[in-house]
Each structure stands twice: as structure tokens, then as C-alpha cells.
Amino acid sequence: QVRLVESGGGLVQAGGSLRLSCAASGRTFSTYAMGWFRQAPGKEREFVAAITWSSGSTYYTDSVKGRFTVSRDNAKNTVYLEMNSLKPEDTAVYYCAARGFRYGPPVDFRSYDYWGPGAQVTVSS
């Protein structure tokens, strides 16, 4: 069992930066791939970024490549999403999620086992 709680959301102007954190409980955190997803009003939940358990591989959706960075600190049971050059279209509720062992890249939200409650990120123009 893994419990996830996001923090660091808020309101920022376009071009600004935010860092989301996701604190996890559970002794097996280091064995899970961790992902970030977002959902804007009236839209489906979409993949943003993910990182494998060993931090050996990272994945990003095209719209955030070069602006967002996902990282993790297994000693602190925490995963981060550094967001730079934010745009109004990045406005959404951001969720972190944990995925046990699966084959294939960790980009499909249906393959994740545990979810946090979400954190609102609002980017004003």
C-alpha cells in the first residue's frame, strides 16, 4: 500500500515556475515507477511525466519537454515535478501516481495503482 500527497501547487503568472512535490508513505516506494498526470476542466486526464524506480529513465509528454523535469529522492520517499516557463494551458489539477512492476513505458494512467488527491496549478496570462 502506498499513500501519496501532493504539495506545491498554486497561482503563478505565465513564464513563471513551480515545483510540485509528492510525498509517499510505504516502505516499498523505491520499487514503484512514479508518474505525474494532469486534468483540466472538461478534459480527460493526461500524462505529463514519469520516472522509473531507479531514476534510470524519464518520460515526458511533448508539450512539456524542455520545460518540466521529473526527479525522485527514494531516501525521502518523494518525487518532484519542476515546472518552468509555465503557460496558461498548463493550468490543471496535477496528480502524482505510483505504478508497480509493469511492462511498457509508464505513460498510461490505467496502469497506475495508487493516486494522490491532486494539487491545483493555475497559470495566469
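Everything that follows concerns the structure shown earlier in this document.
Parameters at a glance
Residues numbered from 1 in each chain as written. Predicted model: local features only at pLDDT ≥ 70, side-chain atom pairs only at ≥ 80, totals over all residues. Heavy atoms only, no water. Core = buried A, V, L, I, M, F, W, Y, C linked by side-chain atoms within 4.5 Å. Buried < 20%, exposed > 50% of the residue type's maximum accessible area, 1.4 Å probe, protein only. Helix = DSSP H or I, 4+ residues; strand = E, 2+ residues; numbered from the N terminus. Contact = heavy atoms within 4.5 Å. Salt bridge = Lys/Arg side-chain N within 4 Å of Asp/Glu carboxyl O. Pairing = 2+ DSSP bridges. Phe/Tyr/Trp six-rings, centres within 6.5 Å; stacked < 30°, edge-to-face > 60°. Lys NZ or Arg CZ within 6 Å of the ring centre and 35° of its normal.

Okay, the nonpolar core next. Ranked by size, the top nonpolar core spans 29 residues in total, and within it M34, W36, L81, M83 and Y94 carry the most contacts. Sorting the residues of this core by element identifies β3 (18–25), β4 (33–39), β5 (46–51), β7 (68–73), β8 (78–83), β9 (92–99) and β11 (119–124) as the ones contributing at least two each. Non-local contacts of M83, meaning those with residues more than four positions away in its chain, are made with G16, S17, L18, L20, R67, F68, Y94 and V121. If you look at the next biggest cluster of nonpolar residues, it comprises five residues, including F37, F47, A97 and Y112.

To continue, consider the pattern of salt bridges. A complete count under the given rule lists six salt bridges for this structure. We note a salt bridge from R38 to D90, for which the minimum N-O separation is 2.9 Å. Note that R38 is positioned in strand β4 and D90 in the loop between β8 and β9, a separation of 52 residues in sequence. Across the pair, D90 and R38 agree in class, each one buried. Between R67 and D90 there is a salt bridge, with the nearest N and O atoms lying 2.8 Å from each other. Here D90 lies in the loop between β8 and β9 and R67 lies in the loop between β6 (58–60) and β7, a separation of 23 residues in the sequence. The same class applies to R67 and to D90, which are both buried.

Another point: the pairing of β9. Burial of β9 is extensive: seven of the eight residues sit out of reach of the surface. Across three bridges, β9 lies against β11 in antiparallel orientation. Within β11, the position partnered with V93 by the bridge is Q120. Across two bridges, the pairing between β9 and strand β10 (residues 114–115) is antiparallel. Bridging from a neighbouring strand, A98 pairs with Y114 of β10.

We now examine the packing of aromatic side chains. Counted under the stated rule, the structure contains seven aromatic pairs. Pairing F37 with W115 gives two aromatic rings, centres 5.1 Å apart and planes at 55 degrees, and the pair type is tilted. With a gap of 78 residues between them, F37 in strand β4 and W115 in strand β10 connect regions that are remote in the sequence. Centroid distance Y112 to W115: 6.0 Å. Interplanar angle 55 degrees. Geometry classified as tilted. The exposure class of Y112 is buried, given its relative accessible area of 6%. Assessed through its relative accessible area of 27%, W115 is described here as partly exposed. Stacked on the ring of Y95, the Lys or Arg R45 has its end atom at 3.9 Å from the ring centre.

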